[in-house]
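An overview of the molecular structure
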Amino acid sequence: MPGRAVTADFHPAVQAWFDEAFEAPTRPQREGWPVIARGDSTLILAPTGTGKTLTAFLACLNRLMFTPPPAVPERCRVRYLSPLKALAVDVDRNLRAPLAGIAAVAARRGESPHVPAVWVRTGDTPAAERARFTRTPADILITTPESLFLLLTSQARDRLRSVETVIIDEIHALVGTKRGAHLAVSLERLEALVARPLQRIGLSATQRSLDEVSLYLGGASAEDTPTPRPVTLVDAREPKRLSLTVEVALDDMSSVGRPVVDPSGPAAQPPQVQTIWNAIHPRLVELIRAHRATLVFVNSRRLAERLAAALNELAGTTLVRAHHGSLARAQRTEIEDLLKSGRLPGLIATSSLELGIDMGAIDLVVQSEAPPSVASGLQRIGRAGHRVGDVSAGIIFPKFRGDLLACAAVTRAMHDGAVEANRMPRTPLDVLAQQLVAMAAVEAWPVEALYRCVRQAAPFTTLTRRSCDGVLDMLSGRYPSDEFAELRPRLTWDRVNDVVTARQGAARIAIANAGTIPARGLYGVFIAGG
């Protein structure tokens with residue numbers, strides 16, 4: 001069979017299931033499986049729809065299902081991290097097919113494999129389910145970065161001591177942000193907790209530069225001069241087949257904003273102005289009706305809701321639904337299921353559906369306004385034709401004349417694969433302060449050990465001991481002036497023994513304020529007297 005030479009390291013039941021389910025392995029699978037089987041930390045770069053997630057998971061399933069399971073408290077061995085709640089739930093669903101298929105093949109062979117339990121832990125997870133993980137941990141744990149932080153800052157952290165592999169999907173979305181810096185420290189906290197070095201697997205279709213992303217994924221050794229840990233690169237990038245159109249809804253874009261004169265209208269009618277939406281709405285309805293499933297991406301939640309309402313009113317039926325991160329879990333799941341099953345023709349989405357989610361047979365993606373970046377544009381248009389070899393069809397509607405130039409430039413860059421470079425934020429001290437409080441909240445730390453642990457996270461390899469001590473001074477109440485005297489210290493620093501411990505309420509503060517605030521710059525700065 002085509003896949004046998006590549007999957008030779010797998011159990012025969014895994015081999016047989018793969019050969020029955022797929023014609024042949026994709027390039028990232030051919031090149032990635034041998035590396036992952038060796039236990040190397042691995043960074044996989046490959047286009048959307050080439051099976052990167054299955055590449056990482058199938059090697060893990062082979063190990064989990066056909067080696068004797070450990071005792072229940074040590075059952076959690078694989079950790080999958082997703083930047084999006086919707087992607088985490090999607091991966092949980094997509095794991096069911098290989099788990100059931102491999103178990104069925106093994107049963108035909110007269111074998112009884114261990115079927116791994118899968119658990120999703122996000123902000124939507126009810127408290128009862130969270131408590132159950134502490135009693136009976138799952139083999140595979142799917143979380144967001146913030147949920148990993150919360151688990152490490154709670155009694156459930158002991159259930160993470162057995163983790164062997166961490167899979168970070170859509171890693172490019174994390175590298176260049178403070179959220180990513182926050183996750184990097186959480187990974188080092190997990191590294192300090194486990195019995196042996198973690199195998200780290202990073203996945204993305206749009207990552208650059210690879211050296212920077214590799215450094216982020218692997219972290220550094222705990223030496224006086226941190227040295228990057230080894231990461232094996234699987235570079236399976238290929239030009240994504242795109243069918244992109246920039247469509248101008250109005251013949252004269254300069255007419256946007258001009259008064260519309262209606263001689264037949266009532267005299268008391270307020271003055272009307274020409275808007276781009278008057279032309280875009282009918283065209284969107286036409287496109288959605290002409291395709292099986294259409295995703296329309298917009299750049300804000302408010303616009304998603306308004307556009308969905310306007311299109312449904314124009315169509316006279318429920319043609320589309322809005323999807324964004326503020327929706328309740330049940331509503332979000334219902335909308336995704338409706339689209340995947342073909343019962344909903346279209347979806348108006350924000351970045352909540354941008355990353356890696358398999359939304360089924362999407363045949364058209366529409367982008368309103370230029371996407372925020374080239375990488376974002378590739379991810380969004382890549383939702384269409386999300387299968388190996390398929391062409392991704394997309395239409396971009398500019399909203400004003402200046403936006404037309406941006407759309408043209410982004411489209412050219414998408415065809416060229418000119419993805420923006422990711423650069424990690426270096427030593428963000430606000431992230432450091434939050435993590436230091438969380439670390440001290442669960443156990444006492446010698447300051448030197450605390451400093452070495454944090455410096456292993458790639459964004460903090462240049463952190464000086466003086467800067468670290470300055471943050472600890474602030475957190476322990478040693479303020480530069482009396483103006484800060486009202487701030488309550490969160491830590492106690494025993495300078496005789498050089499040990500940091502948490503004060504009462506520190507754990508509650510850390511958990512209540514988990515994560516970072518996106519640095520969007522959407523605020524004014526005003527200087528007194530200026």
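Refer to the structure presented above.
Residues numbered from 1 in each chain as written. Predicted model: local features only at pLDDT ≥ 70, side-chain atom pairs only at ≥ 80, totals over all residues. Heavy atoms only, no water.

Considerations on unusual backbone geometry
Although it is not a glycine, glutamate 170 adopts a positive phi angle of roughly 50 degrees. With respect to the helices and strands, the residue glutamate 170 is situated in the loop between β5 (165–168) and α7 (172–175). Classification of glutamate 170 by relative accessible area gives buried; the value is 4%. (Helix = DSSP H or I, 4+ residues; strand = E, 2+ residues; numbered from the N terminus. Buried < 20%, exposed > 50% of the residue type's maximum accessible area, 1.4 Å probe, protein only.)

Concerning the pattern of salt bridges
For the structure shown, the criterion picks out 27 salt bridges. With a shortest N-O distance of 3.2 Å, glutamate 443 and arginine 157 are connected by a salt bridge. Linking glutamate 443 in the loop between α15 (429–442) and β16 (445–446) with arginine 157 in the loop between α6 (145–152) and β5, this pair joins segments that are 286 residues apart in sequence. When its relative accessible area of 13% is taken as the criterion, arginine 157 is described as buried. As a salt-bridge pair, glutamate 212 and arginine 426 come within 3.0 Å of each other at their nearest N and O atoms. In this pair, glutamate 212 sits in helix α9 (residues 210–218) while arginine 426 sits in the loop between α14 (401–416) and α15, placing the two residues 214 residues apart along the sequence. Judged by relative accessible area, glutamate 212 falls into the buried class, the value being 13%. Overlapping salt bridges bring together Glu448, Arg452, Arg465, Asp469 and Asp498 as one network. (Salt bridge = Lys/Arg side-chain N within 4 Å of Asp/Glu carboxyl O.)

Things to note about the pairing of strand β13 (residues 346–349)
Going residue by residue along β13, you find Gly346 and Ile348 tucked away on one face and Leu347 and Ala349 tucked away on the opposite face as well. One ladder, built from four bridges, connects strand β11 (residues 294–297) with β13; its direction is parallel. Within the sheet, the bridge partner assigned to valine 296 lies in β13 and is isoleucine 348. As paired strands, strand β12 (residues 320–323) and β13 are joined by four bridges and run parallel to one another. Considered in β13, the bridge of valine 320 is made with glycine 346. Where the polypeptide runs from β12 across helix α12 (residues 329–340) and back to β13, its parallel neighbour, the crossover connection is right-handed. (Pairing = 2+ DSSP bridges. Right-handed = clockwise from strand over helix to strand, strands pointing away.)

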